[in-house]
Amino acid sequence: MKVGRVTENALKRFILQQIKTRRDEVIVGAGLGEDCAIFSFQNRVSDGACQDKNDRNVILSCVQEGMFPVAYLLQRCANILASRGGEPLAAALSILLPLCAEEDTLRGIMSEAEEICGRLGMEIAQAQGRVTGAVNIPFVTVTAYGVAAAKAEDDNFAAAYHTVKAARPGQDIVVSKWIGLEGTAILAKHCEVSLRERYPAWLPETAAGFDRYLSTIPEAAVAMQSNGCVLQNVSEGGILAALWELAEGAGVGLTIDLKKLPVRQETVEVCNHCNINPYELLSGGCLLMTCTDGLELVSTLKAAEIPAAIVGKVTDSNDRLILNEDEVRYLDRPHADSIYQKINCGAPVAAGGMEV
């Protein structure tokens, strides 16, 4: 098997098909394009209990793991929870350390985690560490929890929590900020020396600072105001993986104009230098949205000083088309994130400079 997330076929055959539904409280469980589990406890509140209409009894949960900075993993979790209308509350950390690790490594990971959780208003509810020969670099698993601000009416959970299943033909596809931000920041730090030999100093410095854009909480809050809006965080596998998972999860087609996908020139240069595909690169900080009026959403986001662009349309066919001027091709199933072509078993990069 290749490095990175397992393929879609492996996910479906060996993971998702093995999972049985046995609890009524789980209203959104594991599924393609569903990074956030949703639990409802409305039916467990006794009839005699006094309930305020704003009581929040829907719990959200998500998991992220990797060799990348723990701050990135926590921010991804917060982004996912926010994309389902949730308020991030707490996180549990599991830290695997190689046999050669020093205590300072563990101290640094926890210090970084506490700093980003402070910015996000999250509590580290549980943390454990284990030294093992099963890893050769520190590997962190983050499980994050939040509460939902909204309640579903008439059991329309997909629409209430903006899941991919709510995507409908005719909707515009909107992307916030730029693709490849997270991967660009990691690569710029990992390849700093060679980038400085090829480019002016400002380019790798600017690229390394892209981690200040990784929060999608502000744009999620804006998009929540649009009726029928679907929110999908763009992460591992890049924008092309997110588009595929959106279409596959909703059972719809799409048409995307490649030239309209927003990308920073620094990302283009870093990807050219590393010989990797920016459209298949870690894209934390980019939020994929569908809505009935993309122009209005883009205008509202820009009024909030959040760059955004309409990049395509949801269709009622099974075709997932990518247009590049006169060329038309079909969207492929997601590949392993292109960052693994450059960073496979290297040491994790310090995060630093992140803004929430």
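See the structure shown above.
Chemist: So what about the overall build of the protein chain? Which residues, and what values?
Modeler: Secondary structure summary: the protein chain contains 11 helices and 13 strands in total. Within the protein chain, the fraction of its 356 residues that count as buried is 50%. A fraction of 81% describes how many contacts in the protein chain between residues 6 or more apart in sequence connect residues 24 or more apart. Accessible surface, the protein chain: about 17,100 Å² in total, of which carbon and sulfur atoms supply 48%.

Chemist: I'd love a proper account of the pattern of salt bridges, names of residues and values included.
Modeler: Counted under the stated rule, the structure contains 10 salt bridges. The closest approach of N and O atoms between arginine 76 and glutamate 182, which form a salt bridge, is 2.9 Å. Taken together, the residues span a long stretch of sequence, with arginine 76 in helix H2 (residues 70-83) and glutamate 182 in helix H5 (residues 181-190) at a distance of 106 residues. The same class applies to arginine 76 as to glutamate 182, namely buried. Taken together, the shared-partner salt bridges in this structure form one network comprising Glu192, Arg196 and Glu205.

Chemist: Hey, could you go over helix H3 (residues 103-120) for me, with residue numbers and the actual values?
Modeler: The end-to-end C-alpha separation of H3 is 26 Å, in line with the 26 Å expected for 18 residues at 1.5 Å each. Along H3, the residues that are buried comprise Ile109, Glu112, Ala113, Ile116, Cys117 and Leu120. All buried residues of H3 lie within an arc of 130° about the axis, which places them on one face of the element. Exposed residues pointing more than 90 degrees away from the buried face of H3 are listed as Glu103, Asp104, Arg107 and Gly118. Buried positions along H3 lie against H2, strand S4 (86-97), strand S5 (123-131), strand S6 (139-148) and helix H8 (217-223). The first or second residue beyond H3 is glycine 121, which carries a positive phi of 70°.

Chemist: Hey, could you go over the packing of aromatic side chains for me, with residue numbers and the actual values?
Modeler: Tallied over the full model, the rule gives 3 aromatic pairs. Between phenylalanine 210 and tyrosine 213, the aromatic rings sit 6.0 Å apart at their centres with planes inclined by 50°, giving tilted as the arrangement. Take phenylalanine 210: its relative accessible area is 0%, and that puts it in the buried class. One aromatic cluster is present, built from ring pairs that chain together Trp178, Phe210 and Tyr213. The side chain of arginine 264 reaches across the aromatic face of tryptophan 178, ending 4.9 Å from its centre. Lying over the aromatic face of tryptophan 244, arginine 320 brings its terminal NZ or CZ to 4.9 Å of the ring centre.

Chemist: Tell me about the environment of cysteine 229, and please be specific about residues and values.
Modeler: You can see cysteine 229 is positioned in the loop between H8 and strand S8 (230-234). Since its relative accessible area comes to 1%, cysteine 229 is described here as buried. Once the C-alpha coordinates of cysteine 229 and threonine 163 are considered, the two residues, 66 residues apart in sequence, prove to be 8.7 Å apart. For cysteine 229, the contacting residues outside a window of four places in its chain are His162, Ala223, Met289, Thr290, Cys291 and Leu297.

Chemist: Account for the nonpolar core, with residues named and values stated.
Modeler: Formed by 29 residues in total, the largest nonpolar core has its most connected members in Val70, Leu74, Met122, Val140 and Val142. With 8 residues, H2 is the largest single contributor of residues to this core. The residues contacting valine 142, other than those within four sequence positions of it, are Cys62, Val63, Gln64, Val70, Leu73, Leu74, Cys77, Ala91, Ala92 and Leu93.

Chemist: Go over the side chain of threonine 290 with me, naming the residues and quoting the values.
Modeler: Position of threonine 290 relative to the elements: it lies in strand S10 (residues 286-291). Polar contacts involving the side chain of threonine 290 include one to the side chain of glutamine 171, which spans 2.8 Å. Other than its neighbours up to four places away in sequence, threonine 290 contacts Ala167, Gln171, Asp172, Ile173, Gly228, Cys229, Val230, Leu246 and Val314.

Chemist: Which residues make up the sheet that holds S8, and what are the values?
Modeler: Judged by pairing direction, the sheet is mixed, and its 7 strands sit side by side in the order S8-S10-S7-S11-S9-S12-S13 without closing on themselves. The strands lining the two open edges of the sheet, one partner per strand, are S8 and strand S13 (327-330). The mean inter-strand angle of the sheet, taken between neighbouring strand axes irrespective of direction, is 25°. Bridging between strand S7 (residues 172-176) and S10 involves 4 bridges; their strand directions are antiparallel. Note on S10: the bridge partner recorded for valine 174 is methionine 289. Relative to S8, helix H9 (residues 238-250) is tilted by about 145°, and along the sheet it contacts S7, S8, strand S9 (253-257), S10, strand S12 (320-324) and S13. Running over the sheet, helix H11 (residues 294-303) touches S7, S10 and strand S11 (308-315) and is turned about 155° from S11.

Chemist: Explain H11 to me, using residue names and the numbers behind them.
Modeler: Structural remark: α-helix, 3.6 residues per turn; residues separated by three or four positions point the same way. Burial in H11 covers these residues: Gly294, Leu297, Val298 and Leu301. Along the long axis of H11, the arc covered by the buried residues comes to 100°, so they all point the same way. Every exposed residue of H11 that faces more than 90 degrees away from the buried side is listed here: Leu295, Glu296 and Ala303. If you follow the buried residues of H11, they end up packed against S7, H8, S10 and S11. Put simply, aspartate 293 is the residue that caps the front of H11, since its side-chain oxygen is 3.4 Å from the backbone nitrogen of leucine 295. Count one or two residues on from H11 and you reach glutamate 305, which has phi positive near 65°.

What counts, and where the lines are drawn
- By convention here, each chain's residues receive numbers from 1 onward along its written sequence.
- Totals for whole chains, interfaces and linings use every residue, but because this is a predicted model, local features are given only for residues with pLDDT of at least 70 and side-chain atom pairs only at 80 or more, for both listing and counting.
- Side-chain measures were taken over the full set of non-hydrogen atoms in the model, leaving aside hydrogen atoms and water.
- Secondary structure elements are defined from DSSP: runs of H or I of at least 4 residues count as helices, runs of E of at least 2 residues count as strands, and each element is numbered from the N terminus.
- A 1.4 Å probe rolled over the protein chains alone gives each residue an accessible area, and that area as a share of the maximum for its type sets the label: buried under 20%, exposed over 50%, partly exposed in between.
- By definition in these notes, contact holds between two residues if any of their heavy atoms fall within 4.5 Å.
- Exposure was quantified through the Shrake-Rupley algorithm and a 1.4 Å probe, taking into account, for residues, occlusion by the shown protein chains and nothing else.
- Think of a salt bridge as a Lys or Arg side-chain nitrogen and an Asp or Glu carboxyl oxygen that are within 4 Å of each other.
- Expected span of a helix: the number of residues minus one, times 1.5 Å.
- To obtain the arc, one takes the directions from the helix axis to the C-beta atoms.
- Here the aromatic set is Phe, Tyr and Trp, taking the six-membered ring for Trp, and pairing holds for ring centres within 6.5 Å; pairs whose planes are under 30 degrees apart are stacked, those over 60 apart are edge-to-face, and all others are tilted.
- Consider the ring centre and the ring normal. A charge sits over the ring if Lys NZ or Arg CZ is within 6 Å of that centre and within 35 degrees of that normal.
- Within this scheme, the nonpolar core is defined by two criteria: the residues are buried Ala, Val, Leu, Ile, Met, Phe, Trp, Tyr or Cys, and they are joined through side-chain atoms within 4.5 Å.
- Pairs of N or O atoms within 3.5 Å make up the polar contacts considered here, provided that, within protein, one atom can donate a hydrogen while the other can accept it, and that residues adjacent in sequence are counted only when both atoms are side-chain atoms.
- Two strands qualify as a pair provided DSSP detects at least 2 bridges between them.
- Helix axes use the C-alpha atoms of the stretch in contact, all axes being lines fitted to C-alpha atoms, and the angles between their N-to-C directions lie in the range 0 to 180 degrees.

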